[in-house]
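Topology and contacts: notes
Each chain is listed here by its residues.
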Amino acid sequence: MGEAEESEMSNIRRSSKLKIIGRGTWYDKAAAELIERERHLGRSLDLIRTESGLGASGFPHIGSLGDALRNYAVAMGVKVQGYNSELIAFSDDKDGLRKVPAGLPPEMEKWLGYPVSSIPDPFGDCHDSFGAHMTSLLLEALDISGAEYNFKSGSKIYKEGILNDEIVTMMENTDKIGEIIKEEIGQEKYTETLPYFAVCENCDRIYTTNTYRYIPDEHRVLYKCEGMEVKGRWLKGCGHKGEVDVLAGKGKLSWKVEFAARWKALDIRFEAYGKDIADSVRVNDRICREILDFEPPMHVQYEMFLDRGGRKISKSAGNVFTPQVWYRYGSPQSLNLLIFKRFVGTKSGSVEEIPPHMDELDLLEDIFFGKRKVADEMEQAKLTGLYEYCWMHKPPETSSVHVPYNLMVNLAKVAPERSEADFIREKLETYGILRDGDQGLEQRITLALNWVEDYGEVEKRKVELTQDMAKAVNRLIKLLKEADDEDDYQGSVFEAARAEGLSPRALFHIVYQILIGQKQGPRFGPYVAAIGKNNVIKELEKTLETSKLK
RNA sequence: GGGUCCGUAGCUCAGCAAGGUUAGAGCGGUGGCCUCUUAAGCCAUUGGCCGAGGGUUCGAAUCCCUCCGGACCCGCCA
């Protein structure tokens, strides 16, 4: 290739690279596409709304927050493009209870089938209902994350009649709707049943009624409370036959059609959704377009969080990995990072993710503040952009102190009781880590101490002692019994090693292996003083015992 | 039956949206750095036909198609 051609090519290369959209993240790209789409549709660009549905029938897990935050991120991206936007946080609190969440008393089964907003709060009088309590947990997490949102309660929306126009249109077109559902997902149910759940006036449940006829003039539906299969069990109906005004908020649309009504009534332009509801979204898109004559919002489908099982995660909330659990060990921004860093791919939601994400956030912060250079301009933009999204576009003005999470945990592990914070601070000072200030250190100490409190017991591999080693350990125990200050403790290891003709290093490795499950550890003398001579001796003797049995 | 995601170093993964030098990180392995451990550290080194095959392109880990392997979702309800 000639020189001219080559330089032309590098020009192409350069110009395509310089075109960074917004802050360079996925969300900016999506926002730009969204705005372009809306412009193309000729709709108003005054306020571009995104939506997230908040489940209210169980403890909100990391994925629930993820849904809301992804949709919020696109709203932020829209703002970067210079347009006004907001996230609608829509609580599905008119839904019925289908299953008693893990961690709650089985007596709650009597509430199965009731709208969650009409079930008393099982945690006491703190909220109006079960649904309100669950919703509040998610809203709390949203507040901590730094997201802003416009909250809507499903039961209120129905009561206020916000969806009434859409409900009427749908009730007048139930035949078409039934056909669309059948076409899209092969479900024939709605060719006979109307896509509206009435709350039974006799027993107050919502999932036991079958709505079979619509009377247009009075906009009423006829229903019979005959029962329904929910999560593999039969909820028996009370047999009541009645009729209900669909505009009076005494029931709700089926999910197969409700999204469409919400989208149009609330003017939603974007909604990302998890793949579990992909079918519902596809149906709703068609209904929105064909029945309600409203172009449905732009969508992006994402993967669900995977629960990496094995570890008992939380004592209070069943076994659900909630945002609140994350916040106990990790900063809000680190959770935002977990959620934001990939849009579509599967993410694992578990406590093991917390330390690496805390460290990764520090790395992003270094890049943001220019302490670390990234060669590629696009890469640089992406990473600083990601950092800004983690801070919801309100990044701090100065960098915080950076300490690897594992180091914090290690220090927290050996910190003497009741003066943990001082001990950790002192150590970090001598390490020279606090030279540039200590912003955020208090938080890090708290998080690390929480971690150690809950997961402090590291799994120790069984230590196999050779004959020589066993002798050395034995001698060490004797020496420790006679020693009574840090220097003596320290010296006893070396003395024991020499006496048995071993290298001190090898003995140290074994000793740390026994005590903390790692090859290396804190300076031995002070460590023994910190956790108590007798405890150390006990541990060593225990290992000696078990290895003698072999 | 319908759909999605993943497959990159021994392990865990990043990079893939908007293709562009020699594909990165952490952990691990190996070697070195203290004759009393701030070594909880540092230095060096080891490592990859980017699952396979085709296509598009000047150029593919990245885009498209097919296949193989793994995981998941939907097919009640929400």
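Remember, it's a predicted structure, so these values are computed and weren't measured experimentally. (Residues numbered from 1 in each chain as written. Chains lettered and ligands numbered in written order. Predicted model: local features only at pLDDT ≥ 70, side-chain atom pairs only at ≥ 80, totals over all residues.)

1. Some remarks on the overall build of chain A
A tally of regular secondary structure across chain A gives 21 helices and 14 strands. Out of the 550 residues in chain A, the part that is buried amounts to 40%. Long-range pairs, those at least 24 residues apart, make up 68% of the contacts in chain A between residues at least 6 apart in sequence. (Helix = DSSP H or I, 4+ residues; strand = E, 2+ residues; numbered from the N terminus. Buried ≥ 20, exposed ≤ 12 C-beta atoms within 10 Å, placed from the backbone. Contact = placed C-beta atoms within 7 Å.)

2. Quick look at the domain arrangement of chain A
As assigned here, chain A comprises domain 1 (22–161 + 259–306), domain 2 (165–255), domain 3 (312–389), domain 4 (405–455) and domain 5 (467–548). A straight line from the C-alpha centre of domain 2 to that of domain 5 covers 73 Å. (Domains from an automatic or database assignment.)

3. Examining the pairing of strand E6 (residues 220–225)
Residues Val221, Tyr223 and Cys225 point to one face of E6 and are all buried, whereas Arg220, Leu222 and Lys224, pointing to the other face, are not buried. Sheet topology note: the strand E5 (residues 209–215)/E6 ladder contains six bridges and is antiparallel. Bridge pairing in E6 links Thr209 to Cys225. The turn linking E5 back onto E6 is made up of four residues, and His219 within it adopts a positive phi angle of 35°. (Pairing = 2+ DSSP bridges.)

4. Concerning the packing of helix H7 (residues 174–185) against helix H9 (residues 278–290)
For any two helices packed against each other, the geometry comes down to the angle between their axes and how far apart the axes lie. At a minimum axis distance of 10 Å, the contact between H7 and H9 shows a crossing angle of 140°. As judged from the angle between their axes, H7 and H9 are oblique. In this structure, H7 crosses over H9, and the sense of that crossing is right-handed. Along the contact surface, H7 presents Ile177, Ile180, Ile181, Glu184 and Ile185, while H9 presents Asp279, Arg282, Val283, Arg286, Ile287 and Glu290. Considered class by class, the residues forming the contact of H7 with H9 number six nonpolar, no polar and five charged. (Axes fitted to C-alpha atoms, helices over the stretch in contact; angles between N-to-C directions. Parallel < 35°, antiparallel > 145°, perpendicular 65-115°, else oblique. Left-handed = near helix turned anticlockwise from the far one by under 90°. Nonpolar A, V, L, I, M, F, W, Y, C, P; charged D, E, K, R; others polar.)

5. Describing the sheet that holds strand E3 (residues 150–153)
One open sheet holds the five strands; their spatial order is E3-E2-E1-E11-E12, and the pairing between them is parallel. The open sheet terminates on both sides in strands that have one partner only, identified here as E3 and strand E12 (298–302). Taking the axes of each pair of neighbouring strands and ignoring which way they run, one obtains an average angle of 25° across the sheet. The sheet contact formed by strand E11 (residues 268–274) and E12 spans five bridges and is parallel. Among the inter-strand pairings, Glu271 is bridged to a residue of E12, identified as His299. The sheet contacts of helix H3 (residues 62–80) involve strand E1 (48–55), strand E2 (85–92), E11 and E12, and relative to E1 the element is tilted by about 175°.

6. Focus: the pairing of strand E7 (residues 227–230)
As judged from the four bridges shared by E7 and strand E8 (residues 233–236), these two strands associate in the antiparallel manner. Bridge pairing in E8 links Glu229 to Trp234.

7. With respect to the environment of Met108
Within the element layout of this structure, Met108 appears in the loop between E2 and helix H4 (130–145). The sequence separation of Met108 and Pro122 amounts to 14 residues, and the corresponding C-alpha distance is 8.4 Å. Non-local contacts of Met108, meaning those with residues more than four positions away in its chain, are made with Val100 and Pro122.

8. Side note on the nonpolar core
One finds Leu34, Tyr72, Val74, Ile287 and Ala412 to be the most contacted residues of the largest nonpolar core, which totals 112 residues. When residues in this core are grouped by element, the largest group, eleven residues, is from H3. Those residues in contact with Val74 that sit more than four places away from it in its chain are Tyr27, Ala30, Ala31, Leu34, Thr50, Phe270 and Ala272. Listed in part, the 18 residues of the second largest apolar core include Val473, Val493, Ala496 and Tyr527. (Core = buried A, V, L, I, M, F, W, Y, C linked by C-beta atoms within 7 Å.)

9. Structural notes on the sheet that holds E6
With respect to topology, three strands assemble into an open sheet ordered E5-E6-E9, the strand pairing being antiparallel. Of all the strands in the sheet, just E5 and strand E9 (241–245) have a single pairing partner and so form its edges. Sheet twist, expressed as the mean angle between neighbouring strand axes with direction ignored, is 30°. Taken together, the five bridges between E6 and E9 define a ladder with antiparallel strand orientation. Bridge pairing in E9 places Lys224 opposite Lys241.

10. Re helix H6 (residues 164–171)
An α-helix turns once every 3.6 residues. As a result, residues three or four positions apart point the same way. Along H6, the positions that sit buried rather than exposed are Glu166, Ile167, Met170 and Met171. Along the axis of H6, the buried residues cluster in a sector spanning 130°; they form a single face. Of the surrounding secondary structure, the elements contacted by the buried residues of H6 are H7, strand E4 (196–198), E5, strand E10 (251–253) and helix H8 (255–266). (Arc of directions from axis to C-beta.)

11. Topic: the environment of Leu45
By the element assignment, Leu45 lies in the loop between helix H2 (26–41) and E1. Leu45 sits 40 residues away from Ser85 along the chain, and the two C-alpha atoms are 9.1 Å apart. Excluding residues that lie within four positions of it along the chain, Leu45 makes contacts with Ile35, Glu38, Arg39 and Tyr83.

12. Observations concerning unusual backbone geometry
Glycine aside, residues mostly have negative phi angles, and peptide bonds mostly take the trans form. Phi is positive for Asp267, which is not a glycine, with a value near 55°. Mapped onto the elements of the fold, Asp267 is located in the loop between H8 and E11. Of note, the phi angle at Asp293 is positive, near 60°, even though the residue is not glycine. Relative to the assigned elements, Asp293 resides in the loop between H9 and E12. Overall, the presence of 9 C-beta atoms within 10 Å leaves Asp293 in the exposed class.

13. Topic: helix H11 (residues 332–340)
Within H11, nine of the nine residues are buried, leaving the element largely enclosed by the surrounding structure. Pro332, Gln333, Ser334, Leu335, Asn336, Leu337, Leu338, Ile339 and Phe340 are the residues of H11 that are buried. Its buried side turned inward, H11 meets H3, H4, helix H10 (323–329), strand E14 (347–349), helix H12 (354–368) and helix H13 (377–390).

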